[in-house]
Amino acid sequence: MIFESAEARFLFVSACFLGFLLFLEKRQTQRALWVKWRQTALLQSLFTVTLFLWAWALLVVTGGLESLVATMGAAQREIAGESAPMAMVAINGEPLSHVLPEPGGWSPAAWVARRSLIALIASGVTSAAFVVILGVARAYRAGTGVVAAFTELKTLSWRPTLLTAIGLWIATNWTLFLWQGRHLLGTDPEGYDRLLTFLHTLPEGVSVILWGLMLGLWIRLRRRE
């Protein structure tokens, strides 16, 4: 059967959800209600988080996660068994492969602090650059000054989406910087990276979330008719 795999089910549900959103946009009788929901801060943030999880699930389905893992220097199956988060050895004392040695005698806590600082700087600089580009683009489009455009950013109807996206971007950078050369959440008794195992469950989880969103929105729409 075509829907026996989690990947096929995820792609099918994604297509259904996209069609449902287009249906809401085209349905003029409910358009005002739909626009009002889109401008609600909490729903904007929830939708942004859902889109973020969907992007990671798509990365899993398309095989992009495996390519990402190959560059991380970790997250592959180990000969050793279970380990704690960020540990260099398994619980049985065997050294974990794909774990980088502590450079220059750095302690584990100092290594985490150093990598976290690098991730914060990288994500902060890129986020600031994006906001600057967004402000300049809005100023050019509206024909106003750059200062006025940046002031208007505070009153954007989709400001919650922007702030949530920046927060997720910072969290993603921090995760990737600590995942590189380490097992961020440790390994399970079979030696598999726990974070990688969790990411492989995203297609199924996101499919359930999308079905729930479609059902919830449809029930609300029917009640308002």
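Just so you know, these numbers come straight off a predicted model, no measurement behind them.

**Q** So what's going on with the environment of Leu-42? Which residues, and what values?
**A** As for its placement among the helices and strands, Leu-42 is situated in helix 3 (residues 41-61). Expressed as a C-alpha distance, the spacing of Leu-42 and Thr-161, which sit 119 residues apart in the sequence, is 9.3 Å.

**Q** I'd like a description of the side chain of Ser-45, backed by residues and values.
**A** Mapped onto the elements, Ser-45 comes out in helix 3. At 3.1 Å, the side chain of Ser-45 forms a polar contact with the side chain of Thr-164.

**Q** Explain the packing of aromatic side chains residue by residue, including any values.
**A** Under the criterion given, the structure shown has two aromatic pairs. A centroid spacing of 6.2 Å and a plane angle of 35 degrees characterise the contact between Phe-10 and Trp-54, whose relative ring orientation is tilted. Of the two residues, Phe-10 is situated in helix 1 (residues 6-26) and Trp-54 in helix 3; the sequence distance between them amounts to 44 residues. Over the ring of Trp-111 we find Arg-182, and its NZ or CZ is 4.2 Å from the ring centre.

**Q** Describe the confidence of the model for the protein, with residues and values.
**A** With 80% of its residues at a pLDDT of at least 70, the protein reaches an overall mean of 80. Per-element averaging of pLDDT across the protein places helix 2 (residues 31-38) at the bottom with 59 and helix 8 (residues 194-199) at the top with 90.

**Q** Explain the layout of surface pockets to me, using residue names and the numbers behind them.
**A** Within this model, the second largest pocket holds a volume of roughly 210 Å³. Secondary structure elements with two or more residues in the lining of the second largest pocket: helix 3, helix 7 (159-179) and helix 8. Per element, the largest residue contribution to the lining of the second largest pocket is six residues, and it comes from helix 7.

**Q** Report on a nonpolar patch on the surface, specifying residues and quantitative values.
**A** Residues Leu-117, Leu-120, Ile-121, Val-125, Trp-169 and Ile-170 make up a contiguous nonpolar surface patch of about 560 Å² in total accessible area. Going through the elements one at a time, helix 5 (108-142) and helix 7 are the ones with two or more residues in the nonpolar patch. Among the elements that make up the nonpolar patch, the one with the highest residue count is helix 5 (four residues). Looking at the element boundaries, Leu-120 is found in helix 5.

**Q** How would you summarise the nonpolar core if you had to cite specific residues and measurements?
**A** Ranked by size, the top nonpolar core spans 27 residues in total, and within it Trp-56, Leu-65, Trp-179, Leu-184 and Leu-199 carry the most contacts. Every element with two or more residues in this core is listed here: helix 1, helix 3, helix 4 (64-72), helix 7, helix 8 and helix 9 (202-224). Sequence-distant contacts of Leu-199, defined by excluding residues within four places in its chain, comprise Trp-56, Val-60, Leu-65 and Trp-179.

**Q** Report on unusual backbone geometry, specifying residues and quantitative values.
**A** In this structure, Met-86 is a non-glycine residue whose phi angle is positive, near 65 degrees. In this structure, Met-86 sits in the loop between helix 4 and helix 5. Taking the relative accessible area as the measure of exposure, Met-86 reaches 17% and is therefore buried.

**Q** So, helix 7: which residues are in play, and what are the values?
**A** Taking 1.5 Å as the rise per residue, helix 7 with 21 residues should run 30 Å; its terminal C-alpha atoms sit 30 Å apart, in good agreement. Taken together, the buried positions of helix 7 are Pro-160, Leu-162, Thr-164, Ile-166, Leu-168, Thr-172, Asn-173, Leu-178 and Trp-179. Two residues or fewer past helix 7, Gly-181 is found with a positive phi of approximately 80 degrees.

**Q** Quick rundown of the environment of Glu-204? Include the residues and the values.
**A** Structurally, Glu-204 is set in helix 9. Put simply, Glu-204 and Glu-7 are 197 residues apart on the chain and 8.1 Å apart in space, counted from C-alpha to C-alpha. Polar contacts involving the side chain of Glu-204 include one to the side chain of Arg-9, which spans 2.2 Å.

Scoring rules and cut-offs
- Residues numbered from 1 in each chain as written.
- Predicted model: local features only at pLDDT ≥ 70, side-chain atom pairs only at ≥ 80, totals over all residues.
- Heavy atoms only, no water.
- Helix = DSSP H or I, 4+ residues; strand = E, 2+ residues; numbered from the N terminus.
- Polar contact = N/O pair within 3.5 Å; in protein donor to acceptor, adjacent residues only side chain to side chain.
- Phe/Tyr/Trp six-rings, centres within 6.5 Å; stacked < 30°, edge-to-face > 60°.
- Lys NZ or Arg CZ within 6 Å of the ring centre and 35° of its normal.
- pLDDT = per-residue confidence, 0-100.
- 1 Å grid on protein atoms, 1.4 Å probe; cavity = no way out; pocket = protein on both sides within 12 Å on 5 of 7 lines; lining within 4 Å.
- Points joined across faces, edges and corners; volume = space filled by probe spheres on them.
- Patch = residues over 30% accessible without salt bridge, like charges linked within 9 Å, V, L, I, M, F, W, Y side chains within 5 Å.
- Areas by Shrake-Rupley, 256 points an atom, 1.4 Å probe, with all protein chains shown as cover.
- Salt bridge = Lys/Arg side-chain N within 4 Å of Asp/Glu carboxyl O.
- Core = buried A, V, L, I, M, F, W, Y, C linked by side-chain atoms within 4.5 Å.
- Buried < 20%, exposed > 50% of the residue type's maximum accessible area, 1.4 Å probe, protein only.
- Contact = heavy atoms within 4.5 Å.
- Expected span 1.5 Å × (residues − 1).

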